[in-house]
Amino acid sequence: IAGSLTLTAGGVSIPSGVSDYVDGSFVGSYTATVAGNYTFRVLYEKQQVYLGTVTVQPALADPAHCIFTMGPASSVVAGVPLSLLVTTRDSYDNNVTNALSILAANYLDRLRSQLQPITLAAADASGTGLAASVTLVRTGTFDFSVTVSSRHVLGSPQSVLVTEDPVPSPASSYAEGSGVVGGQVGGPLSIRIYLKDRLGNTFARPIPSLPVVYVFWPSGNVTAAAVQQDAAAADQYVATYDATEVGVAQVRITLSGVNITGSPFSVRVVASMASAVTADCLAVGPESRTATAGVPWQFVVQAVDSTGLYLRRGGAVVTAQLLAVDLTSGSLSAMAVDQNDGTYMSRWTITRSGTYNLVVMLVGKPVSRSPFSILVLASDFSVAYSYAKGRGLSVATAGAKGSFLVWARDSFANPFQQSAGAPSGLMTVTVAGSDNVAASVNVLDLMDGRYSVEYLLTYSAMYSATVMGVAAGSGTLTGSPYSISVLAGPVDVGSSDLFGEGLSSATAGVTAEINLDARDAYANPVFDISWSPASCSFLGPSATFTYFKGMANTYVISYLTTRSGNFQLQFNLSTSFRQAFPVVVQASDPDLTACTVDGTGAVEATAGQTASFLITSRDIYGNLLAGGGYTFTATLLGGSPRGVRRYYRAAVTDQGDGTYKGTYLLTVAGNFTLSVTKSSTNVGGGPFSVRVRPAPMSTVVSAASADGSALQAAGDGAVVLISARDEYGNARADGWELFTVNYAAATDTVARKQQTSVTDFLGDGTYRVRVLVTSSGNYTMSVTQRDAVLSPGAFVLLVSSGPLSLSSSSVAWPTLSSCSAALCGTVSDMTSVLVSVVDVNGNIVSGRYVPLLTLSITSSSGLAMSYPVTVPSDGSSPWAVFAATRSTNYSIAITADGVALQGSPWKMTLVPDSLSNGGALVGSGWGSGSALTLATAGVQARLAVWARDRFGNMLPKCPQWDGSAALTSVGGQSVPPTAWSVTAIPGAEDRCGWQVSAVHTRAGTYSLAVSASGTPAVGSPFLLQINPASISAGQSTVEGSGVSAAMQGKPSWLTIVPRDGYGNPVSGSVEVGVAVTYPNGVRDQVPVKDLQAVYYPLSVASCVVSVQIGGAHVSHSPFAVAVYPNIGPLCSSLSFAHGSTLTLATAGTQVSFVVQAVDTAGVYFDTGGALVEAELSRLDFYARQVVLDRADGTYSAGFNMTASGVYRLSVFVQSTHSSGSPFSVRVIPGLMSLDQSVYRGAGLTISTVGGLGTFSIVTRDQYSNERKISEGALADAPRVSLLIGSVLQTTPSVADQLDGSYFVQYNATVSGTYRVVLAFQAASREMPQSLLVLPGQVSTVAPSWGSRFASFEAGGSFQGVVSGVDIFGNALDITQSPTFDLDSTDMLLHVAKSGNNYGLTFNATRSGAYTLTVGMVQSGVKVSVAFHLTVSVAPLRTDRCLVAGDGLAGGQVRIPTSISIFARDAFGNTAEFRPAHTFSLSFNDTEVYLAIQRPSAALAVLSYAPSRPCDGCDMRVMVSGRHA
């Protein structure tokens, strides 16, 4: 079928096509390479059937199409901004706007080996361009690169040369040397002038005029110093002059008439130099402070005297140590060589690249500006230490890029880096095969010492990759050359070949084969194909495909299909190999069992009309055999009205197209067997059952009778039986005749009419018409057709009440109101509902006729509850009361006998109650961290205060805050002034809550009391633990004997106390350095362990103690320490106790503290013997603690308190309070103990199904200390389980009350004795008393047979059990005897009680409908349930059938007469004759001819005409061979 698809954008069409799948579907395809909006149009038979738009998005950014530009030039002056622009495009040059996630930009400082990232942002609103501005202030060469998915874009990388300003800056230039300091009269003085640009870069350009140096002497003389450029350093100039006068001279150095930094200098000239050497020395050397691995590097130290003048003689000891910053290269130490002219030179040869710190010491002290930062760069590239890695060194795919990485190293194995984009000056890479086939190779510098190598080969074979250094004699990398196996690519349709008969033809049920010569796009043989069931498929029939490997790169595909026809065979071997072939599948040999017989004549026919059917010849798979030529025979076998089976032959005609037409005509209605055979073999699964329907109804033959049964309830029907027959005497069993039923009540003036319905058709020509009456009373009935009244005439109907109508029933909500499409109200535990139940006629149903009503409520969180509906016995409306205490949305459902009432479920929205009606405030943590537990010094601590109603619901928006927040101390420390701010909680505009916040800078434990509107928040006061901020060296302190005074040869202790910026102590690991320097210049590094350091003074003198954290001095460091020969007298006020437990401890946990004895000079004692005592007390407690003398000047004591509270700890030294004594110690409770906690509430021992059981848990620790929220939250909440035996029935919810207690609630739906099991962390406990869950109120009477209906056969019995149950089906113990009322005495009932159940036994011999009403009363609640029992008729008993009629008395010869036979069972109930029953009549054993009619199933009329006279003849009436 012709179809087409077009896409156009701006008038330009996109190539597209449509493929016909031959199964009624089509597949359209198109390829668009330009992004934008397209018009999408589908044509079918040249008619447009669809018109829409298609938006084609750009593909992913392609680095080969992205462009990187940079300006203004490739060489700029330092400080000039560089503009970068990246245009991101896909492979089709569409602009891409979302490439930031896969794009990276950076620049490399070659000199300093520093790689810096660049942040790109959208250049304009379109987002197609990304831009950045970079300002470089350092001189040198910088390499800029932009990559997409780790691949360089066009224009990347680019190099920029940054030069210094063209004019030197006097403000940045400076001078050094003896000529700007001073020296001895008569000696030469020299000055070294360093030129810099405005940004501090070395200025190495030629200048128009040299710097000018003038010396102004005290006498007024002026000397011009000689200035010349240093030949070894273009940025440095040297000036010299002689010191001619003693005194202070001025040296003025100008550059283009402007003083340089520090000019004019005050120069002091003395008569003779001092001999003392100080550490205020200068270290000079290369200004860049860079070196190359393996290349010697040197620096010079200039010594100065105590007055600051440069010395010109040697003799001092200069040491140097080189420390690696990354701690992996180790350290080097060396002595500097004395040059005997006041300078000291040190030479280094460093082989490991990286950053080092050079520490230079003179007379044991660091020289000026020591330590120095030294950058060691890698040396020349070395193939011996370089190496390559990557998958591309061993395997690649034809047509796909192979890749690997080369790690470049120098001769010392340091990572090697050179200018970006120039690997050709470093190494060469070749990839070639044995037949001299070489690949194109691309080497990319990744600017981190690695080089990416890519190559492309299209021929699958073995290749060799060689990586060789460019320098002469450098050789190849270790492992080079590498062997690479290039594998074939994916199968390509253009290079592969399919052949074989299976491509064009096949036979149904016979395997067909196809061969594939598989090759990739470069004609390489493909030896491995991944097959799948979707690789090949038929567009039309299903087929089974099998794949197996042939020789070399050939594959064999076989398929088997069982459908014949013209089809498309489609191959999808890969994304690039898709092809379809037309295949003709022929049918196989014919198979008669697969032939079919179809048509209405094979199923049904009409008496007196010709019927036809169609025979279709097929093969074993059901395929049509298109040619004719076969002979088929068709016969019908059926019964006549007299029961004689007869054969009928049908005519069969060959239609020449594989089909054969059969026809026949019958006048006898009934069931026949149609046999279609060929050579005595049935065709198509025959023989077939054919139903011959009667002809149209004949009013002459048809008859009607009425079954006079009374209606039981309004809405049931009176039954009229009509026997319809055609002109051939066949029963009209199709059910399409129309009759009119007329009925009228005693008060009706006009009769009502109702036509028959086919749903009441019995299938044997008899119609059962059920007349629906909705009003009670007495009615008469008659039946007519075409205005003719049918016999037997009228009968009387008695109508009672009708069935229920749930759709007309209604529900009222007294305590709720309507809002929009839902019910609205306030949360309550007493919400009521009234239910009004009516029947289908609108009559109100009450009392025992009310069905079982059930109310269930489900909250939006999924919590479901069910409640019983009470049915009053006084006829008033049923009602129920339920609890809904959460302010949320609910769904309420009400069902009657499991069926939902009209409008159910209802939506209900409840709002919170008021705060004044038993509500409360609740405080909780808010934001990052919890203000109720932890905060950080200097960081805002926040908490939220919410207003809730008595059920815990959050109240809506409330007025302005009128509360307060007060902070008090817990651990005894002073309380810092706190300013609390109150603001609205962000995002909580619809709720009643406030954010209370403050910034605290003093760490510690505090108690926070919060209240609003005069109501304290639940759980207030709260425990607020403020933790220290990050460590600040300047605020950190040092304690101990070694801070101010020490004793010679004795240990001096230092305790380092890390503190934050607010002075709060900080715990945790920290890098601490401690050094002691003695007057003779000796400097000791003191080891530090656990923030403790010990040193031993060497002599009686002063020493300097330096303490650093993270390289920075702590507060008051360095310390001047006085060293004494002996310890002084003990000082109680300086002695002190330390330890974390001096303020806070946990009940039951052993804690300890240490007392340090100190003398009057502040020196720590290192011997024992002092009198140290400790006392712990409070109002109801006193204890003296044991103090242990550790004989080293310290004394340890400890305590273990099990009662929580605040204690007073006094520490005495020599009977006097020590420093800080007495202390306030707060002992808080431990974790929750299941055994010691208190459990309260009735819900622990008794509850009722459907009701809410509750109890509370007051948590206590193992020492019975009651926990409070201010004493720290539990690690997690306790868990509660309710079990019957070992089976878990329900898991109650546990709500934290924020005051150390938990509220537990549950809803049990199964009555019985429960085990209550509690668990906390790994501990568990079963409550000693059991929980008794009682059944609820009686809701209904439940039968053991599952419904309110039951049936049994007349003469038999029925047994069952009933019991009173609650709404959840729990059996109740009904203390008051129930009532059992039967509506008929024809049924016998026996009742026997067994426990909570009542056994019932029913016996009845009369068929019909019975009603048993069971009433039960419990606790004033009455229920009444009606059970309907149907007693069916027993099997027909011919000897109980009744015979009546004129024909029993006699008659006249050849005058017709009749008798009637009424069907009865063994108990006289009206039974039914079956079609198989036969009737006969004989006189004196001579059978007479009968005409038999069956007006109804319960009646047979036998008509006969006596052929001869007879007086006193013996008449025998037989039913199926037995006497009636």
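Everything quoted here is computed from the prediction, not taken from an experiment.

S.K.: Which residues make up the environment of Leu 823, and what values go with them?
M.R.: Note on placement: Leu 823 falls in strand 71 (residues 822–826). Judged by relative accessible area, Leu 823 falls into the buried class, the value being 8%. Placed 85 residues apart in sequence, Leu 823 and Met 908 show a C-alpha to C-alpha distance of 4.4 Å. Those residues in contact with Leu 823 that lie beyond four places of it in its chain are Trp 813, Leu 816, Ser 817, Ser 818, Trp 906, Lys 907, Met 908 and Thr 909.

S.K.: Can you explain the environment of Gly 489? Please cite residues and give values.
M.R.: Structurally, Gly 489 is set in the loop between strand 44 (482–487) and strand 45 (497–499). Residue Gly 489 is classed as buried on the basis of its relative accessible area of 8%. Taking the C-alpha atoms as reference points, Gly 489 and Asn 524, separated by 35 residues in sequence, lie 7.7 Å from one another. In contact with Gly 489, other than residues within four places in its own chain, are Thr 397, Ala 398, Asp 520 and Val 526.

S.K.: Requested: an account of the side chain of Asn 1469, with residues and values cited.
M.R.: Mapped onto the fold, Asn 1469 is located in the loop between strand 127 (1457–1462) and strand 128 (1479–1483). What makes Asn 1469 buried here is its relative accessible area of 2%. Here the side chain of Asn 1469 touches Thr 1405 through a polar contact of 2.8 Å, landing on its backbone oxygen. Among the polar contacts listed, one links the side chain of Asn 1469 to the backbone nitrogen of Ser 1407, at a separation of 3.1 Å. The contacts of Asn 1469, once residues within four sequence positions are left out, are Ala 1354, Thr 1405, Arg 1406, Ser 1407, Val 1433, Ala 1463 and Arg 1464.

S.K.: Help me get a handle on the sheet that holds strand 125 (residues 1421–1432), residues and values and all.
M.R.: Strands sit in the order 119-125-124-121 across an open sheet of four strands; the sheet is mixed. Edge positions in the open sheet fall to strand 119 (1349–1353) and strand 121 (1379–1382), since each of these has one partner strand only. Neighbour-to-neighbour, the strand axes of the sheet open up by a mean angle of 25°, direction not taken into account. As paired strands, strand 124 (residues 1408–1418) and strand 125 are joined by 11 bridges and run antiparallel to one another.

S.K.: Give me the lowdown on the side chain of His 152, citing residues and values where you can.
M.R.: Tracing the backbone through its elements, the reader meets His 152 in strand 15 (residues 151–152). Within the structure, His 152 has its side chain in polar contact with the side chain of Ser 156 (distance 2.7 Å).

S.K.: Outline the sheet that holds strand 40 (residues 427–433), listing residues and values.
M.R.: With mixed pairing, four strands are arranged side by side in an open sheet as 38-44-43-40. Looking at strand neighbours, the two that pair on one side only are strand 38 (395–397) and strand 40, the edges of this open sheet. With direction set aside, neighbouring strand axes in the sheet form an average angle of 30°.

Reading the values: rules and limits
- Residues numbered from 1 in each chain as written.
- Predicted model: local features only at pLDDT ≥ 70, side-chain atom pairs only at ≥ 80, totals over all residues.
- Heavy atoms only, no water.
- Helix = DSSP H or I, 4+ residues; strand = E, 2+ residues; numbered from the N terminus.
- Buried < 20%, exposed > 50% of the residue type's maximum accessible area, 1.4 Å probe, protein only.
- Contact = heavy atoms within 4.5 Å.
- Polar contact = N/O pair within 3.5 Å; in protein donor to acceptor, adjacent residues only side chain to side chain.
- Pairing = 2+ DSSP bridges.
- Axes fitted to C-alpha atoms, helices over the stretch in contact; angles between N-to-C directions.

Remember that the coordinates give geometry; whether it matters functionally is a separate question.
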